[in-house]
Amino acid sequence: DNYDWSCKFGWGLPSFKNFGDTKEWVEKGSGNEIILGSLGYKNIHLNLSYKYFNGLKSENVITFNEYQFPNTAVYRKVFMNLTLSYEYELISRLFIDPQIGWVRTHITSNVMDNQGNEIKLNKADGLIIGSNLTKYIKLFDKGFVGIFVNVNYNLINYKMISEDLGGNTLGYGFGFVVKGTN
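The structure displayed is predicted, hence computed values, not measured ones. Counting of residues starts from 1 at the beginning of each chain's written sequence and follows it residue by residue. A pLDDT threshold of at least 70 governs which residues receive local features in this predicted model, and a stricter bar of 80 or more applies before side-chain atom pairs are shown or counted, although totals over entire chains, interfaces and linings include all residues. Calculated side-chain values reflect all of the structure's heavy atoms, with hydrogen atoms and water omitted.

A.B. asks: How do you make sense of the overall build of the protein chain when you look at a structure like this?
C.D. replies: The secondary structure listing takes helices from DSSP runs of H or I that are at least 4 residues long and strands from runs of E that are at least 2 residues long, numbered from the N terminus. Helix and strand content of the protein chain: one helix and 12 strands. Counting from the amino terminus, helix and strand elements in the protein chain follow one another as β-α-β-β-β-β-β-β-β-β-β-β-β. With the principal axes as the frame, the protein chain shows a C-alpha extent of 60 × 25 × 20 Å. Every one of the 182 residues in the protein chain was classed for burial, and the buried ones make up 45%. In what follows, a contact means two residues having at least one pair of non-hydrogen atoms within 4.5 Å. Counting contacts in the protein chain only where the partners sit at least 6 residues apart, residues at least 24 apart contribute 64% of the total. For the area figures, the Shrake-Rupley method with a 1.4 Å probe applies, and any residue is considered shielded solely by the protein chains shown. For the protein chain, the exposed area adds up to about 9,600 Å²; of that, 60% sits on carbon and sulfur atoms. Counted charges follow a simple rule, with Lys and Arg positive, Asp and Glu negative, and His plus the chain ends left uncounted. To locate a charge, the coordinates of NZ of Lys, CZ of Arg, CG of Asp or CD of Glu are taken. Taking the 18 positively charged and 17 negatively charged side chains of the protein chain as two groups, their mean positions are separated by 6 Å. The classification of residues rests on relative accessible area computed with a 1.4 Å probe and restricted to protein chains. Under 20% of the type maximum is buried, over 50% is exposed, and intermediate values are partly exposed.

Okay, structure coming up:
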């Protein structure tokens, strides 16, 4: 399988586990990886993924933007990752992709202000470090389908969202990917 350019698209089922003060707010969650896309030249890939977690609940009251959010609030958490990776073939069509890049975290909730508008929360950025392990099966001359597992560690400044938060997030998941080559 010799090629210079490749393009990947996929879907996955990610999960996360928070640490530190952020763990006291919401410990873990599962969701959908709505977009997984990658453009590669030789072994270097630029990757974009969008992970969405809905229906998160906390047993604790927390302060966001000077508002007290009750322990009945329901949250949505989104991670957008932009990474560079190096695809290395371990054995026939089994690849490991160590990656490093940028992560943006966005949290919303069902809590409204006095005018009935959803309270806007700040976003937080950070560093993501991780790896994918992907096994491909050749479908046709230039096309492959694969299954992957991934793990990443997000070094996020959650204090940008709330002074009550802190710590980092471990992400992990599995999914399917389609890869086309030249």
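A.B. asks: Just to check I follow, could you spell out the side chain of Ser 6 for this structure?
C.D. replies: As for its placement among the helices and strands, Ser 6 is situated in strand β1 (residues 5–18). On the accessibility criterion, Ser 6 (3% relative accessible area) is buried. Residues within four places of Ser 6 in sequence aside, it is in contact with Ser 38, Leu 39, Gly 40, His 45, Lys 179, Gly 180 and Thr 181.

A.B. asks: Can you help me understand the layout of surface pockets in this one?
C.D. replies: One simple way to see leftover space: roll a probe sized like a water molecule over the atoms. Each pocket or cavity is described by its volume, and for the largest pocket that value is around 250 Å³. Every definition here rests on a 1 Å grid over the protein atoms only: cavities are sets of points where a 1.4 Å probe fits but cannot get out, pockets are open sets enclosed by protein on both sides within 12 Å along at least five of seven lines, and lining residues have some atom within 4 Å of a point. Taken together, 13 residues form the lining of the largest pocket, with Asp 1, Tyr 3, Glu 87, Glu 89 and Phe 95 sitting closest to its centre. Three classes are used: nonpolar for Ala, Val, Leu, Ile, Met, Phe, Trp, Tyr, Cys and Pro, charged for Asp, Glu, Lys and Arg, and polar for all others, with Gly counted as polar. Residue composition of the lining of the largest pocket, by class: five nonpolar, two polar and six charged. Grid points are joined across faces, edges and corners, and a volume is the space filled by probe spheres set on the points.

A.B. asks: Sorry if this is basic, but what is going on with the pattern of salt bridges here?
C.D. replies: If charged atoms from side chains of opposite charge come close, those side chains can pair. Between Lys or Arg on one side and Asp or Glu on the other, a salt bridge is scored when a side-chain nitrogen of the former is within 4 Å of a carboxyl oxygen of the latter. Evaluation of the coordinates by the stated rule reveals seven salt bridges. The shortest N-O distance in the salt bridge between Lys 179 and Glu 87 comes to 3.0 Å. Here Lys 179, found in strand β12 (residues 169–181), pairs with Glu 87, found in the loop between β7 (74–86) and β8 (88–91); they are 92 residues apart in sequence, far enough to count as distant. Of the two residues examined, Lys 179 and Glu 87, each falls in the buried class.

A.B. asks: Teacher, can you tell me more about the nonpolar core here?
C.D. replies: One recurring pattern in soluble globular proteins: nonpolar side chains tend to sit buried together. With 22 residues, the main nonpolar core has Trp 25, Phe 64, Phe 69 and Tyr 75 as its most contacted residues. Of all elements in the fold, only β4 (44–57), β5 (62–64), β7, β9 (94–109) and β10 (123–140) reach the threshold of two or more residues within this core. With residues near it in sequence (within four places) discarded, Trp 25 still touches Lys 57, Ser 58, Glu 59, Asn 60, Ile 62, Phe 64, Tyr 75, Ile 107 and Leu 165. Residues Leu 36, Phe 95, Tyr 136 and Phe 148 belong to the second largest nonpolar core, which totals seven residues. By nonpolar core we mean a set of buried residues, namely Ala, Val, Leu, Ile, Met, Phe, Trp, Tyr and Cys, connected to one another through side-chain atoms within 4.5 Å.

A.B. asks: Teacher, can you tell me more about the pairing of β12 here?
C.D. replies: The side chains of a regular strand alternate between both faces of the sheet. The alternating pattern of β12 places Thr 169, Gly 171, Gly 173, Gly 175, Val 177, Lys 179 and Thr 181 on a buried face, while none of Leu 170, Tyr 172, Phe 174, Phe 176, Val 178 and Gly 180, on the opposite face, is buried. With 13 bridges joining them, β1 and β12 adopt antiparallel strand pairing. Following the sheet pairing, Ser 15 is matched in β12 by Tyr 172. Each pair of strands is called paired provided DSSP finds at least two bridges between the two strands. Pairing between strand β11 (residues 143–156) and β12: 12 bridges, direction antiparallel. The residue of β12 that forms the bridge with Val 151 is Tyr 172.

A.B. asks: It is not clear to me how the side chain of Asp 113 should be interpreted in this structure. Could you clarify?
C.D. replies: One can find Asp 113 in the loop between β9 and β10. If near-sequence neighbours (up to four positions away) are discounted, Asp 113 is found in contact with Tyr 67 and Ile 119.

A.B. asks: Just to check I follow, could you spell out unusual backbone geometry for this structure?
C.D. replies: A negative phi angle characterises most non-glycine residues, just as the trans form characterises most peptide bonds. Its identity as a non-glycine residue notwithstanding, Asn 65 has a phi of 50°, on the positive side. With respect to the helices and strands, Asn 65 occurs in the loop between β5 and β6 (67–69). The residue Glu 66 is not glycine, and still its phi comes out positive at about 70°. Inspection of the secondary structure assignment puts Glu 66 in the loop between β5 and β6.

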